[in-house]
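Read off the chains here:
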Amino acid sequence: MPGSQVPAVPVGQPSERDERRDDSAQEVALLLREVAPVVLGILVRRYGDFDAAEDAVQEAMLAAVTQWPDTGYPDNPRAWLLQVAQRRLIDSVRSEIARRSREATAALQDVPPADTDSAADDTLTLLLLCCHPALSPASAIAVTLRAVGGLTTEEIARAFLLPETTMAQRISRAKKRLAALPRPFAESAVAPEHWGPRLAPVLHVLYVMFTEGHTATGGSRLYRTDLAAEAIRLTRKVHRLLPDDPEVTGLLALMLLTDARRAARLGPSGELIPLAEQDRARWDRERAREGMVLATAAVEAGLGGPYRVQAAIAALHIRAPSAEKTDWERILLLYNVFERLSDNPMVSLNRAVAVAMVHGPAAGLESANGLADRLRGNHRLDAVRGHLYEMAGERAAAIESYTAAAHLTTSTPERDYLMLRAAKLRAS
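Residues numbered from 1 in each chain as written. Predicted model: local features only at pLDDT ≥ 70, side-chain atom pairs only at ≥ 80, totals over all residues. Heavy atoms only, no water.

*Asks:* Describe the overall build of the protein chain, with residues and values.
*Replies:* What the protein chain contains, in helices and strands, is 20 helices and 2 strands. Of all 428 residues assigned to the protein chain, the portion counted as buried reaches 49%. Restricting the contact set of the protein chain to residue pairs at least 6 apart, pairs at least 24 apart contribute 64%. (Helix = DSSP H or I, 4+ residues; strand = E, 2+ residues; numbered from the N terminus. Buried < 20%, exposed > 50% of the residue type's maximum accessible area, 1.4 Å probe, protein only. Contact = heavy atoms within 4.5 Å.)

As structure tokens, then:
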């Protein structure tokens, strides 16, 4: 039409408004990761139906992702999500069972507004409640990572070194088992004196959450800062409740000592920098000191648990003034202890690196190659082989291993790092 001004936007190119909306949607997704477990914990604790509560929260999150980029954040995102999820839960109950509909409706009428100061504790409550003694430790860990950590089934499967279909079945069975229990979410069960068998899976969940946050197993980001920070926050809460438990103390120490190195793990262009090449002046010394104090306290109780041993290993790395002065002999001794405590092949793979640093790359390769069957298809085995072949001066084998690892990993930063190592060897 004459006189009209229509902005010229090339076909297939996103407009500035679309880009702003995409950025806003990403911000919403990050916020939902923080508040959704809290809301799920509130609903599960109040109404006891895990499956129905999770479905309701998922629907509320979908509504938030759809609406918030256009309408803006509500004044209280957590209360908004809780209100919408509660409505979805009531609608679901009404459509399925009239009796439960009446009970839920009556309950909702008596529910006071959410206490935002105490609501954050509901995430820890949900974590504890999901780790019910009726579930096997593996099932409790899997369903809790899904509900509390917000990890996808694929991410959980990678953490367990299992096929995704196997993990999906495990999570489904765990949910059905929880739903069949008469009162699986009694609040008295989350008092510290009643934790008992729940503590081990709780710590494992927090460990996997932090590990995935510190080094994401897939995607374009090396870090999932929100996930790592949430794992540390929850572990601090557990430590405040159980300050004398050496494994709780050891886990918190391990997280802090590992997170202290975070700023030095990426270069100016976002490239991954291995531990041996990091600028140690960029390490967070305040966080490292706190971790060292906790690690010392944990190890004083002995080396009878995996988190204490890992904290001791992390402390030796932090204490070393340079990569060349790392006490690899003591680290290898600690890995020997760790391997006796754990049947995880990743422990044995890390031990293979320590073997190489003490006894030479040939000895390390022998240890790593013995894990071929247990780590088939896992990129970390080929990545370690590439590193050890490079140490041994076997360039062709190192290039082959680095390239194989790059093709297997689903993490873009790790893939780029591995391809860069291979390219440098080809050019040398």
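Let us keep going from here.
*Asks:* Explain the packing of helix α12 (residues 246-259) against helix α13 (residues 285-299) to me, and be specific about the residues and the numbers.
*Replies:* Two elements in contact, α12 and α13, have axes separated by 8 Å at closest approach and are oriented at 155°. The orientation of α12 relative to α13 falls into the category roughly antiparallel. Considering how the two elements wind past one another, α12 and α13 form a crossing that is left-handed. Every residue of α13 that contacts α12 at Pro 246, Thr 249, Gly 250, Leu 252, Ala 253, Leu 256, Leu 257 and Asp 259 is listed here: Arg 287, Ala 288, Glu 290, Gly 291, Met 292, Leu 294, Ala 295, Ala 297 and Ala 298. The residue inventory of the contact of α12 with α13, partitioned by class, reads 11 nonpolar, 3 polar and 3 charged. (Axes fitted to C-alpha atoms, helices over the stretch in contact; angles between N-to-C directions. Parallel < 35°, antiparallel > 145°, perpendicular 65-115°, else oblique. Left-handed = near helix turned anticlockwise from the far one by under 90°. Nonpolar A, V, L, I, M, F, W, Y, C, P; charged D, E, K, R; others polar.)

*Asks:* Account for the pattern of salt bridges, naming residues and giving values.
*Replies:* Opposite charge on two side chains permits them to pair, given that their charged atoms come into close proximity. Applying the stated criterion across every chain yields a total of 18 salt bridges. With a shortest N-O distance of 3.5 Å, Asp 343 and Arg 374 are connected by a salt bridge. Residue Asp 343 is found in the loop between α15 (328-341) and α16 (345-359), and its partner Arg 374 is found in the loop between α17 (361-369) and α18 (379-391); the two are separated by 31 residues along the sequence. Using a relative accessible area of 63% as the deciding quantity, one classes Asp 343 as exposed. When its relative accessible area of 42% is taken as the criterion, Arg 374 is described as partly exposed. Across the salt bridge formed by Arg 385 and Asp 382, the nearest N and O atoms sit 3.5 Å from each other. Of this pair, Arg 385 and Asp 382 are both found in helix α18, 3 residues apart, which corresponds to roughly one turn of the helix. Overall, the relative accessible area of 18% leaves Arg 385 in the buried class. (Salt bridge = Lys/Arg side-chain N within 4 Å of Asp/Glu carboxyl O.)

*Asks:* Kindly report on the environment of Arg 265, identifying the contributing residues and their values.
*Replies:* Along the polypeptide, Arg 265 turns up in the loop between α12 and α13. On the basis of relative accessibility, which here comes to 10%, the residue Arg 265 falls in the buried class. In sequence terms Arg 265 and Tyr 223 are 42 residues apart; their C-alpha atoms lie 10.0 Å from each other. Filtering out sequence-adjacent residues up to four positions away, Arg 265 remains in contact with His 214, Thr 215, Leu 222, Tyr 223, Glu 271, Leu 272, Ile 273 and Gln 278. Only 3.0 Å separates the side chain of Arg 265 from the side chain of Thr 215, close enough to count as a polar contact. (Polar contact = N/O pair within 3.5 Å; in protein donor to acceptor, adjacent residues only side chain to side chain.)

*Asks:* Got a sec to walk through the confidence of the model for the protein chain? Specific residues and values, please.
*Replies:* Low-pLDDT portions of the prediction should not be read for the details of their coordinates. Averaged over all residues, the pLDDT of the protein chain equals 82, while 82% of them reach at least 70. Under a pLDDT of 50 for its full length, residues 1-19 has, in the predicted model, 3 contacts with residues more than four places off or in other chains. Scored below 50 in pLDDT, residues 97-120 makes 23 contacts in the model with residues more than four places away or belonging to other chains. (pLDDT = per-residue confidence, 0-100.)

*Asks:* Let's hear about helix α9 (residues 164-180): which residues, and what values?
*Replies:* For α9, which comprises 17 residues, the first-to-last C-alpha distance of 25 Å matches the rise-based estimate of 24 Å (1.5 Å per residue) to within 8%. Along α9, the positions that sit buried rather than exposed are Met 167, Arg 170, Ile 171, Ala 174, Lys 175 and Leu 178. Viewed along the axis of α9, the buried residues span an arc of 130°, placing them on a single side of the element. Away from its buried face by more than 90 degrees, α9 exposes Thr 165, Arg 173, Lys 176 and Ala 180. Looking at the buried side of α9, the elements it contacts are α2 (50-71), α7 (137-149) and α8 (153-160). (Expected span 1.5 Å × (residues − 1). Arc of directions from axis to C-beta.)

*Asks:* Can you lay out the environment of Met 167 for me, pointing to particular residues and giving the numbers?
*Replies:* Mapped onto the fold, Met 167 is located in helix α9. Considering only alpha carbons, one finds Met 167 and Ser 139, 28 residues apart in sequence, at a separation of 9.0 Å. When neighbours within four sequence positions are excluded, Met 167 is seen to be in contact with Ala 142, Thr 153, Ile 156, Ala 157, Phe 160 and Leu 162.

*Asks:* Which residues make up the environment of Glu 34, and what values go with them?
*Replies:* As for its position among the elements, Glu 34 is in helix α1 (residues 16-47). The class for Glu 34 is partly exposed, based on a relative accessible area of 48%. Taking the C-alpha atoms as reference points, Glu 34 and Leu 227, separated by 193 residues in sequence, lie 8.5 Å from one another.

*Asks:* Which residues make up the packing of α12 against helix α14 (residues 306-319), and what are the values?
*Replies:* At a minimum axis separation of 8 Å, α12 and α14 run at an interaxial angle of 35°. Here α12 runs over α14; the crossing is left-handed. The segment α12 lies against α14, with Pro 246, Glu 247, Gly 250, Leu 251, Ala 253, Leu 254 and Leu 257 engaging Pro 306, Tyr 307, Arg 308, Gln 310, Ala 311, Ala 314, Ala 315 and Ile 318. Of the residues in the contact of α12 with α14, the class split is 11 nonpolar, 2 polar and 2 charged.

*Asks:* So what's going on with the packing of aromatic side chains? Residues and values would help.
*Replies:* Scanning all chains against the criterion turns up 2 aromatic pairs. Measuring from ring centre to ring centre gives 5.6 Å for Tyr 207 and Tyr 307, while their planes differ by 55°; the resulting arrangement is tilted. With Tyr 207 in helix α10 (residues 199-214) and Tyr 307 in helix α14, this pair connects stretches of sequence that are 100 residues apart. Its relative accessible area of 26% is what places Tyr 207 among the partly exposed residues. Taking 6.4 Å as the distance between ring centres and 25° as the angle between the ring planes, the aromatic pair formed by Tyr 335 and Phe 338 counts as stacked. Of the two residues, Tyr 335 and Phe 338 are both situated in helix α15; the distance of 3 residues between them amounts to about one turn of the helix. Summarising the burial analysis for this pair, Tyr 335 and Phe 338 share the class buried. (Phe/Tyr/Trp six-rings, centres within 6.5 Å; stacked < 30°, edge-to-face > 60°.)

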